[in-house]
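Single-letter residue listing:
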Amino acid sequence: MSDVEKGHYGRVALIGLGLIGGSLAYAIKRAGLADHIVGYARSKETRDRALELGFIDSACESAADAARGADLVVLCTPVGTYGDLAAAIEPVLKKGVTVSDVGSVKNAVVRDVGPFIPDGVHFIPGHPIAGTEQSGPDAGFAELFDGRWCILTPVPGTNQEALEKFSAFWRACGSQVDTMEPKHHDLVLAIVSHLPHLIAYNIVGTADDLETVTKSEVIKYSASGFRDFTRLASSDPTMWRDICLNNKDAVLEMLGRFTEDLAALQRSIRWGDGDALYNLFDRTRNVRRLIIEAGQDSAAPNFGRNPAAKK
Ligand code: NAP
């Protein structure tokens, strides 16, 4: 197999060494997709930890030093940092290098990184639809992307061979690959990811503000539903601030629809419209069935959390 078919890059630079950067490094090593992985993160502590864990082969003290001479550069930091990082690496990018990212929004990435991509450099933004609520270099693991989707949003005129190679790279990391327009990506992700996180942040915030129900009661009886929201609501605040600010239009569109539907639900409860409530609850059950059929979650009751249910 050729390097294009294998998705093999000689020197890979990962800018950002947290959950996603770390997991990507482990997945690259598992599949043998690089001869050398060089990493950069803002703090020395993170760089040292990544070296200690062994998911990078060397660390640099600047993004430019890491990107110099690399065949593939992947930005794995919060989306709000991309513009400055792209400006910093622009002068050192060699011809033929592929520059990508893992950011949860794509239109803003094309806007912020695109202007710093020199001629002869392949810019292929990407977003692995995989993650956990944890962050930092200790959170990464090789299997994170297995069976999950990675969406690539190539810009017009993207070199086909570079796109094929980068798609092969993500497949070798365990993902299935789709391509999409950046704007469409942002709309899809607003409903499947950004809105659920905002709802979770909001409901946990509401509970935290309550005065008539004590905080200890909220914690004590959380297994009745509340705790499922707390997983999403414990995701990294910097990352989610940047997602909201950089996918403003699509997030506001979905929040508007959600608010309208919530008002309709409120009206059904107020007027005792049991049929409307039943019909909605019945329709939504089916969505869970489809997710399980698509292999995107386990069919085990309670997400397989009850050990007895796993048997
Ligand atoms: P994370 O675990 O918090 O890691 C972020 C990394 O970026 C850390 O190594 C951090 O270094 C570094 N960093 C932050 N600001 C920096 C700067 N200004 N310059 C250089 N390095 C900087 O975050 P993550 O969950 O891996 O998320 C990274 C990206 O993946 C985000 O763009 C996010 O939208 C995307 N994403 C996340 C998920 C998810 O579920 N978490 C899923 C898909 C995509 P220090 O440790 O030194 O601060």
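Residues numbered from 1 in each chain as written. Predicted model: local features only at pLDDT ≥ 70, side-chain atom pairs only at ≥ 80, totals over all residues. Heavy atoms only, no water.

1. Considerations on the sheet that holds strand β2 (residues 34–40)
Across the sheet, 6 strands lie side by side as β3-β2-β1-β4-β5-β6; this open sheet has parallel pairing. The strands lining the two open edges of the sheet, one partner per strand, are β3 (58–59) and β6 (122–123). Pairing of strand β5 (residues 98–101) with β6, which is carried by 2 bridges, proceeds in the parallel orientation. The residue bridging Val 99 from the neighbouring strand is Phe 123, located in β6. Docked against the sheet, helix α5 (residues 82–89) engages β1 (9–15), β2, β4 (72–75) and β5, running at close to 155° with respect to β4. (Pairing = 2+ DSSP bridges. Helix = DSSP H or I, 4+ residues; strand = E, 2+ residues; numbered from the N terminus. Contact = heavy atoms within 4.5 Å. Axes fitted to C-alpha atoms, helices over the stretch in contact; angles between N-to-C directions.)

2. A short note on the domain arrangement of the chain
Structurally, the chain comprises domain 1 (3–180) and domain 2 (184–271). Using C-alpha coordinates to define each centre, domain 1 is positioned 30 Å away from domain 2. Interface area, domain 1 with domain 2, both sides summed: about 1,200 Å², of which 64% is carbon and sulfur. Counting across the interface, domain 1 meets domain 2 through 1 salt bridge. A salt bridge links Arg 231 to Glu 133, with the shortest nitrogen-to-oxygen separation between them at 3.1 Å. In this assembly, domain 1 and domain 2 are joined by 7 residue pairs in polar contact (both at pLDDT 80 or more). Its residues assigned to classes, the side of domain 1 that touches domain 2 comprises 7 nonpolar, 7 polar and 4 charged. (Domains from an automatic or database assignment. Buried area = accessible area lost by both parts, 1.4 Å probe. Salt bridge = Lys/Arg side-chain N within 4 Å of Asp/Glu carboxyl O. Polar contact = N/O pair within 3.5 Å; in protein donor to acceptor, adjacent residues only side chain to side chain. Nonpolar A, V, L, I, M, F, W, Y, C, P; charged D, E, K, R; others polar.)

3. Notes on the packing of helix α8 (residues 182–209) against helix α12 (residues 248–270)
When two helices pack together, their arrangement is captured by the angle between the axes and the distance separating the axes. The geometry of α8 relative to α12 is characterised by a closest axis approach of 9 Å and an angle of 60° between their N-to-C directions. With respect to their mutual orientation, α8 and α12 come out oblique. Here α8 runs over α12; the crossing is right-handed. Between α8 and α12, the contacting residues are Asp 186, Leu 187, Ala 190, Ile 191, His 194, Leu 195, Leu 198 and Ile 199 on the first element and Ala 250, Val 251, Met 254, Leu 255 and Phe 258 on the second. Split into classes, the residues belonging to the contact of α8 with α12 amount to 11 nonpolar, 1 polar and 1 charged. (Parallel < 35°, antiparallel > 145°, perpendicular 65-115°, else oblique. Left-handed = near helix turned anticlockwise from the far one by under 90°.)

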